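Single-letter residue listing:
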Amino acid sequence: MDLTRSGRKSIARCWRRGVLKLGRRRRKFLKRLSKSSKKFYDDRSSDKSKMHSENLDEEKQKRADIAKLFETGNDWEKVCKMLSLAPDSNRKVDRFRKLLQTLKNEGTYGKSKREAKE
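This report concerns the structure included in the present document. Because the structure is a prediction, the values reported are computed rather than measured. (Residues numbered from 1 in each chain as written. Predicted model: local features only at pLDDT ≥ 70, side-chain atom pairs only at ≥ 80, totals over all residues. Heavy atoms only, no water.)

**As for the packing of aromatic side chains**
Stage number 1. Evaluated as defined, the whole model comprises 1 aromatic pair.
Stage number 2. Ring geometry for F40 against Y41: centres 5.1 Å apart, planes inclined by 75°, an arrangement best described as edge-to-face.
Stage number 3. For Y41, a relative accessible area of 52% translates into the label exposed. (Phe/Tyr/Trp six-rings, centres within 6.5 Å; stacked < 30°, edge-to-face > 60°. Buried < 20%, exposed > 50% of the residue type's maximum accessible area, 1.4 Å probe, protein only.)

**What about the environment of L83?**
Stage number 1. For L83, the position within the fold is in the loop between α2 (75–82) and α3 (94–117).
Stage number 2. Counting along the chain gives 14 residues from L83 to R97, while the straight-line C-alpha distance between them is 9.2 Å.
Stage number 3. In this structure, L83 is in contact with F96 and L100, ignoring residues within four places of it in sequence. (Helix = DSSP H or I, 4+ residues; strand = E, 2+ residues; numbered from the N terminus. Contact = heavy atoms within 4.5 Å.)

**Some details on the environment of S34**
Stage number 1. Positionally, S34 belongs in helix α1 (residues 5–71).
Stage number 2. A polar contact is formed between the side chain of S34 and the backbone oxygen of K31, at a distance of 2.9 Å. (Polar contact = N/O pair within 3.5 Å; in protein donor to acceptor, adjacent residues only side chain to side chain.)

**Remarks on a nonpolar patch on the surface**
Stage number 1. Judged by side-chain polarity, L83, F96, L99 and L103 come together as a nonpolar surface patch covering roughly 330 Å² of accessible area.
Stage number 2. Among the secondary structure elements, L103 is positioned in helix α3. (Patch = residues over 30% accessible without salt bridge, like charges linked within 9 Å, V, L, I, M, F, W, Y side chains within 5 Å. Areas by Shrake-Rupley, 256 points an atom, 1.4 Å probe, with all protein chains shown as cover. Salt bridge = Lys/Arg side-chain N within 4 Å of Asp/Glu carboxyl O.)

**Quick look at the pattern of salt bridges**
Stage number 1. Going through the model one piece at a time under the given rule, you end up with 3 salt bridges.
Stage number 2. Between D43 and K39 there is a salt bridge, with the nearest N and O atoms lying 3.1 Å from each other. Taken as a pair, D43 and K39 lie in helix α1 at a separation of 4 residues, close to a single helical turn.
Stage number 3. Residue K39 is classed as exposed on the basis of its relative accessible area, which comes to 52%.
Stage number 4. In this structure, R63 engages E59 in a salt bridge whose closest nitrogen and oxygen atoms are separated by 3.1 Å. Here E59 and R63 lie together in helix α1, a separation of 4 residues that amounts to about one turn.

The values reported here are purely geometric and, on their own, carry no functional implication.
Following this line, the structure appears as structure tokens:
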């Protein structure tokens, strides 16, 4: 394939234009990428700090509830309030929940039966 000098120049010109276009596109892409990543990390850090403060508030509230719980109530009420007995699709706690409820009922009835015998 024998190209004339003008043919080679036109090919070189087209190739340079293409490279320059790719360079501009690449720079634009990188600029958009850096803006979007900066926005992502800014949003992420604000969300993390917000969640951290919410978790601290929830933990303080939970500790206050537990402290108040230990002031009054019988043992089984304390146990059942401290443990989550609500069904959860992520965990298999059905047997444990049933066992605690059975023990709670037996403990309450057993206590009342012992009191009746005395």
